[in-house]
Amino acid sequence: EKKVSTEANSCPNCGVPNPTNKNLDQKIKKAKDNIYEDVWLYAKPAYDTVNATYNYISSQLDDDNAYRIFSITGYFNRGIFEASCEHHKLDKKYFKDAVLYCFRRIWDDEKYKKLSDEKKNSMAKDSYRTMEEGLRLDDSVGKMCSKIINTAKESFKSNGAGCFADASKLWKDPNIQFT
């Protein structure tokens, strides 16, 4: 019977260094989190500006219009986050994780400190999942959602935090309806 050391320097089958290094997964996760944090920090000023404008406008609306503006804002924020991923030259296969990270970081705001991390994670995943459902629709709603994201991406790339002006234009467009 061949004994295998649990402290091997490399995997005997594939050559991966430190296969039993218990900290390796944490190091990989930390490296990804760092780039995800960079994505978030780059997008945050635009997110903050759009969100502040949204909060001001939505407080003056009835529930139906506030929901419509909320939905547009969610897709717009996703576009900002995706543009930040592109700015950081993040591989497309990591966009979902980076965007989820950004949605999760939204909940780290002081006003949500009473929520558990588990609840915050759940809400970020729910937001992303709901947007994915909208984007999967092969109709005018799906196309509309994609257009909102693409508008945000282009606006953020060219205007940075000034992209809130394009969010405002979308909010005023009566043709954008989710219900």
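Right above here is the structure, for reference.
Let me sum up the structure you'll find in this document. The structure displayed is predicted, hence computed values, not measured ones.

1. Quick notes on the layout of surface pockets
Moving on, step 1. As a volume, the largest pocket reaches approximately 750 Å³.
Moving on, step 2. Forming the walls of the largest pocket are 31 residues, and the residues nearest its centre are F70, G74, N77, F103 and S127.
Moving on, step 3. A breakdown of the residues in the lining of the largest pocket according to their chemical character gives 15 nonpolar, 9 polar and 7 charged.

2. Considering the environment of S84
Moving on, step 1. Here S84 lies in helix α2 (residues 63-87).
Moving on, step 2. Measuring from C-alpha to C-alpha, the distance between S84 and V39 comes to 5.4 Å, with 45 residues separating the pair along the chain.
Moving on, step 3. The residues contacting S84, other than those within four sequence positions of it, are D38, V39, Y42, A43 and F156.

3. Describing the packing of aromatic side chains
Moving on, step 1. According to the stated counting rule, one finds 9 aromatic pairs in the structure shown.
Moving on, step 2. Both rings, one in Y47 and one in F81, keep their centres 6.2 Å apart while their planes meet at 35°; by these two values the pair is tilted. Of the two residues, Y47 sits in helix α1 (residues 24-58) while F81 sits in helix α2, which places them 34 residues apart along the sequence. We note that Y47, like F81, is buried.
Moving on, step 3. An aromatic cluster is built from W40, Y47, F81 and F103, whose rings are joined through pairwise contacts.

Rules behind the numbers
- Residues numbered from 1 in each chain as written.
- Predicted model: local features only at pLDDT ≥ 70, side-chain atom pairs only at ≥ 80, totals over all residues.
- Heavy atoms only, no water.
- 1 Å grid on protein atoms, 1.4 Å probe; cavity = no way out; pocket = protein on both sides within 12 Å on 5 of 7 lines; lining within 4 Å.
- Points joined across faces, edges and corners; volume = space filled by probe spheres on them.
- Nonpolar A, V, L, I, M, F, W, Y, C, P; charged D, E, K, R; others polar.
- Helix = DSSP H or I, 4+ residues; strand = E, 2+ residues; numbered from the N terminus.
- Contact = heavy atoms within 4.5 Å.
- Phe/Tyr/Trp six-rings, centres within 6.5 Å; stacked < 30°, edge-to-face > 60°.
- Buried < 20%, exposed > 50% of the residue type's maximum accessible area, 1.4 Å probe, protein only.

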